[in-house]
Each structure stands twice: as structure tokens, then as C-alpha cells.
Amino acid sequence: SYPHKNIETLLHAFSFFVREHPDANLVLVGPQNEFTQRLKDEALEIDIPADRIHFLGFVSDSELSELYQNAQMYIIPSKLEGFGIPPLEALQHGVPVAASRASSIPEVLGKAATYFDPSDIESMVEAMNKLTTDKRERTRVLTESHEVLKRYKWIDSVEALMDVYKTSLK
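Draft legend 1. Region of interest: the overall build of the protein chain. What the protein chain contains, in helices and strands, is eight helices and five strands. Classification of the 170 residues of the protein chain by burial places 42% in the buried group. The long-range share in the protein chain, meaning contacts at least 24 apart out of those at least 6 apart in sequence, stands at 64%.

Draft legend 2. Quick peek at unusual backbone geometry. In this model, Asp47 sits at a positive phi of 65°, which is unusual for a non-glycine residue. Mapped onto the elements, Asp47 comes out in the loop between helix H2 (34-45) and strand S2 (53-57).

Draft legend 3. Local environment of the environment of Arg138. Tracing the sequence through the fold places Arg138 in helix H7 (residues 135-151). A C-alpha to C-alpha distance of 9.7 Å links Arg138 and Gly94, two positions 44 residues apart in sequence. Apart from residues lying up to four places away in sequence, Arg138 is in contact with Gln72, Pro96 and Leu131. At a separation of 2.9 Å, a polar atom in the side chain of Arg138 contacts the main-chain carbonyl oxygen of Leu131.

Draft legend 4. Quick peek at the nonpolar core. One finds Leu11 and Leu109 to be the most contacted residues of the largest nonpolar core, which totals 43 residues. Not counting the four nearest positions on each side in its chain, Leu109 is found in contact with Ile76, Pro87, Leu88, Leu91, Val97, Ala99, Tyr115 and Val148.

Rules behind the numbers
Residues numbered from 1 in each chain as written. Predicted model: local features only at pLDDT ≥ 70, side-chain atom pairs only at ≥ 80, totals over all residues. Heavy atoms only, no water. Helix = DSSP H or I, 4+ residues; strand = E, 2+ residues; numbered from the N terminus. Buried < 20%, exposed > 50% of the residue type's maximum accessible area, 1.4 Å probe, protein only. Contact = heavy atoms within 4.5 Å. Polar contact = N/O pair within 3.5 Å; in protein donor to acceptor, adjacent residues only side chain to side chain. Core = buried A, V, L, I, M, F, W, Y, C linked by side-chain atoms within 4.5 Å.

Geometric descriptors of this kind do not, in isolation, establish any biological role.
This is the structure:
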């Protein structure tokens, strides 16, 4: 929920998207802080129906896995992003990714995403619509993801190791 994560732009994009897709839900996972309250206020101001946006805070691994399994897409709106494991996790769960054409994201995801301009609400809405309505685009992204996931196979090992550490710290 930090400014460089560009969540405000995502909220505005979602406010347009949800008008066309009234059943859509926006689920935000991550730290709850003073930005979260600002985002909640903003969501109300721009008329996002309260039952369509969910600020979940931190979730367990199994809850996260369930979220991925039920997700239509995973969105990375960031203007500035280091190497991120979540989009790769989304792809691993068969969830197509809509991603900002910024920073190292295209380097990491290659062709395994539908890209948008992070400063352009319309461009973001367009990418979200494309992944929702265009079966060919969804299939293309998920097919391309196989190559990307092969390249980052080591992530599985890192995650397994983290689980061992977490368990041993309990």
C-alpha cells in the first residue's frame, strides 16, 4: 500500500472495471497501515461498491493459495518494483498476470503478462478487460509462463527453505 506500489491508480482503474464487470472483486493483500485507511477512503470517494473491494492484510500461505486458486488475474500496478516472487506464484497457480511496463517487471516476466502503462488508468483497465474477456490472451500468457517458471525453478527451493526456517523458529 505504499505510493510506489501505485495502488491508487489501480483503485481508479478498478472503479471503471467494476462498472463493466459488476461481479468483479478487488482483493488487496499486504501490510495494513496509514496508507490502507487512505486507500479505503479513496475507494469510497470514487464509488467502488464496498462489497467489491477487500483489504485482507497479511494472510497465511494456505489462504494465499486459496486466493490464487479463485483469482481471475493477478495485477502488478507498481511504478517501481524489484524482483517479485508473487507474480511468479500467481503464474504457478495458473493465474494470468496483468503487469506494469515498469522497472524490472518485463525483464522477469518476459511475454508471460499483459502489460499496461502504470501512469495510465485507461491502459490498466484495457489490460484487465483483455484478460477477462479474451480467452486467447489468457491462454497466451499462461503458455508463455511455462518458460518463465522454468527459468525461476529455484524459487521452489527458496520457498521450501523458508518453510523450514519458519517451522524451526516456532
